Every structure is written in structure tokens, then in C-alpha cells.
Amino acid sequence: RLAALSLAGHPDPERFVADFSGSDRTVAEYLIAEMLDRQPAGVQRLLLRTSILDRVNGELADLLTGRAGEERTLLDLEDANAFVVSLDPGRTWFRYHHLFADLLRARLEQQPGRAVQLHRNAAAWYAEHELADDAIGHAVAAGEMTLAARLIEEHFDERFYLHGEVSTVRRWLALLPPELTGSRARLLLARARLALLDGGPAEAEGLLDLAERASPDADQRFEPSAGRASSLLVNVPAAVTLLRVYLAELRGDAETTVD
């Protein structure tokens, strides 16, 4: 497939084939580079700027390239078997072959600072469309750790309580630096809840102490994705109290539970 795509319309096919050398991967990268370099500038821009994504649709591609109508280009690339594959029957989401994506990202690194801005824009788009996992991943890739922390807080209740995605929450928290997970009251509450789940009451109590000291007045701007009425994190002082009640019950401490 690579050779056929690269040879199509090449002015000197025999010389081109004679230049093949190296490992399978080296040859593949060479062929992909040949194919990429012969694409129009607009197509190259689309491929390079969307290579940071695990999946892309027309609207997101338009945002990252600054041009409208990129869905048509993605469809044309898939029709040409150019390492673009649709992910749904309606052909709205696409992904790139991993080897192709690797090469594109390596090319993108030759443009200093470009990838960071693209990750930042992608994080904002995914957050706006309530695609939390993608939004958090791109925020981290952009170095926007405070944004990633806020997104985790907003989606904790929904993922942990409503959907039981405990491993997802753990993975999210592991992406953040310790100074963030140890200083933000809502993240400390989330960690305390996980500690209780793991049977670690002493660890949970220590985290609640930290959350109590870190907690300002209730943040009225905090909007959890599960809705305020379904959120543990929406009211930090109340959540600390509830979890302390649970700890007292676990210890069989009726007096403290009642207090």
C-alpha cells in the first residue's frame, strides 16, 4: 500500500524503488514521507495539526487548522486509503494509522511550540463537548495542569458515583503532580473517597484533615457534570463532615458519629 501510494505519479519510479533500504520501519517512514511531501499544503497542514489527536472529526479539524470544510478532506483521504480510517458508520470520526501518526508527530515537533497550542485548543474543544477523558489528556499534554485538575474535579462525581469508573479516576489523578493533588480541597476529597474504598481509614482521615485546611468558602462557580444536587464535591465542608461520620461509624464510635 505504501509503495503504491508513493509511486503514483512519481516521475522516476525505477530510481525511487532502487532507493529503498533499511528496516521495514525505515522503509515505511521513507515511503510515508514521500507520500506526505507530495500532498497539497492544505492537506499537509490538516494531517500535521491533527496528528496530536487519537481521533478527529470535521469540527475539531476545522478548529486546529483554522479552515472550514476539513471533513471533506478527511473523507477524501479515507477514500484514497491514505492511512485514514473512519471509526463509525456515519464516517464522522477518524483516526490515523499509528505509524503514519508517529511520523506526522515527529514532523510537527519541527515547529516549536505548535504542539502545545494544538493540545491546548483540543482540550478546550473536548471540555466544551463534555468529552472529559480526551480533554484531560490534552490539557496534561499542553502542560495545563490546573485546567486538568479542574476537569477532574468537575467529572469526579459522574465517573465515580454514577458510572463506577474507579480506575478512570485513579488514572486521571496519577497524571497530576503531587503539589496539585495535595493542595486542592476537592482533589483531596476524591483521594479520601478512594482511600476509603481501598480500606485505608487512616489515610482517608489524613486527607480529610488536609482538605479541611485547604478548603475556602464554597465555590459557587463550581459546576459538576453530575449536577450540583448529585455531587459530593460541590460542598467541601459538608463532604468532609459526611466522610468523617462514615469513618466514625467504621470505628464503631457512636458518640463521634452522633456529634
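A brief structural summary. For every chain, the first residue of its written sequence is number 1, and the numbers climb from 1 along that sequence. Thresholds applied to this predicted model are a pLDDT of at least 70 for local features of residues and 80 or more for the giving and counting of side-chain atom pairs; totals over whole chains, interfaces and linings are not thresholded and use all residues. To obtain the side-chain values, all non-hydrogen atoms of the structure were included, while hydrogens and water were left out.

Moving on, we get to the overall build of the chain. We count a stretch as a helix when DSSP gives it H or I for four or more residues in a row; a strand needs E for two or more, and each element gets its number in order from the N terminus. Each helix and strand counted, the chain has 16 helices and three strands in total. Only protein chains enter the area calculation, which uses a 1.4 Å probe; residues under 20% of their type maximum are buried, those over 50% are exposed, and those in between are partly exposed. Here the chain, with 259 residues, has 42% of them falling under the buried criterion. Within the chain, contacts between residues at least 6 apart in sequence are counted, and of these 58% link residues at least 24 apart. Accessible surface area values rest on a Shrake-Rupley calculation with a 1.4 Å probe, where residue burial reflects the displayed protein chains alone. Working note: accessible area of the chain is about 13300 Å², and carbon and sulfur atoms make up 51% of it. Every residue pair with non-hydrogen atoms within 4.5 Å of one another is taken to be in contact.

A few words on helix α13 (residues 185–197). Helix span, as expected, comes to 1.5 Å for every residue beyond the first. Its 13 residues give α13 an end-to-end C-alpha distance of 19 Å, which sits within 8% of 18 Å, the value for a rise of 1.5 Å per residue. Most of α13 sits out of view: 11 of its 13 residues are buried. Looking at the buried positions of α13, the neighbouring elements they touch are α10 (145–162), α11 (166–174), α12 (178–181), α14 (201–214) and α15 (236–251). Of the residues trailing α13, Gly 199 is marked for its positive phi of about 75°.

The next subject is the pairing of strand β3 (residues 93–96). Bridge count for strand β1 (residues 56–57) against β3 is two bridges, and the pairing is antiparallel. Residue pairing in the sheet places Val 56 in a bridge with Phe 94 of β3. Counted between consecutive antiparallel strands, the loop separating strand β2 (residues 84–86) from β3 contains six residues, among which Arg 91 sits at a positive phi close to 55°. Pairing between strands requires that DSSP locate at least two bridges from one strand to the other.

Our next topic: the sheet that holds β1. Spatial strand order, β1-β3-β2: three strands in an open sheet with antiparallel pairing. Each edge of the open sheet is held by one strand with a lone partner, namely β1 and β2. Pairing between β2 and β3: three bridges, direction antiparallel. Bridge pairing in β3 places Val 84 opposite Tyr 96.

Our focus in this paragraph is the packing of α10 against α11. One can describe the packing of α10 onto α11 by two numbers: an axis separation of 9 Å at closest approach and a directional angle of 160°. Between α10 and α11, the angle falls in the class roughly antiparallel. Crossing angle aside, the handedness with which α10 passes α11 is left-handed. Taking contact as the criterion, the partners of Ile 152, His 155, Phe 156, Arg 159 and Phe 160 in α10 are, on α11, Val 166, Thr 168, Val 169, Trp 172 and Leu 173. Of the residues that constitute the contact of α10 with α11, the class distribution is seven nonpolar, two polar and one charged. Inter-axis angles, ranging from 0 to 180 degrees, are taken between N-to-C directions of lines fitted to C-alpha atoms, where helices are fitted over the stretch in contact. Under this scheme an angle from 65 to 115 degrees is roughly perpendicular, one under 35 degrees roughly parallel, and one over 145 degrees roughly antiparallel; angles in between are oblique. In this scheme the crossing of two helices becomes right-handed for a clockwise turn of the near helix relative to the far one and left-handed for an anticlockwise turn of less than a right angle. Residue polarity is assigned by list, with Asp, Glu, Lys and Arg as charged and Ala, Val, Leu, Ile, Met, Phe, Trp, Tyr, Cys and Pro as nonpolar; anything else, Gly included, falls into the polar class.

Note on ring pairs: Phe, Tyr and Trp rings are taken, using the six-membered ring of Trp, and paired if centres are within 6.5 Å. Classes follow the plane angle, with under 30 degrees stacked, over 60 edge-to-face and the rest tilted. All chains considered together, the criterion is met by seven aromatic pairs. With 6.2 Å between their ring centres and 70° between their planes, Trp 93 and Trp 125 make a pair best called edge-to-face. Of the two residues, Trp 93 is situated in strand β3 and Trp 125 in helix α8 (residues 114–128); the sequence distance between them amounts to 32 residues. Residue Trp 93 shares its accessibility class with Trp 125, and that shared class is buried. Geometrically, the ring pair formed by Tyr 96 and Phe 100 is edge-to-face, given 6.1 Å between the ring centres and 65° between the ring planes. Across the pair, exposure class does not vary: Tyr 96 and Phe 100 are buried alike.

To continue, consider the pattern of salt bridges. Any Lys or Arg side-chain nitrogen located within 4 Å of an Asp or Glu carboxyl oxygen qualifies as a salt bridge. One pass over the full model with this rule turns up 17 salt bridges. Across the pair Asp 209 and Arg 244 runs a salt bridge, and its minimum N-O distance is 2.7 Å. With Asp 209 in helix α14 and Arg 244 in helix α15, this residue pair connects regions lying 35 residues apart in the sequence. Judged by relative accessible area, which is 30%, Asp 209 ranks as partly exposed.

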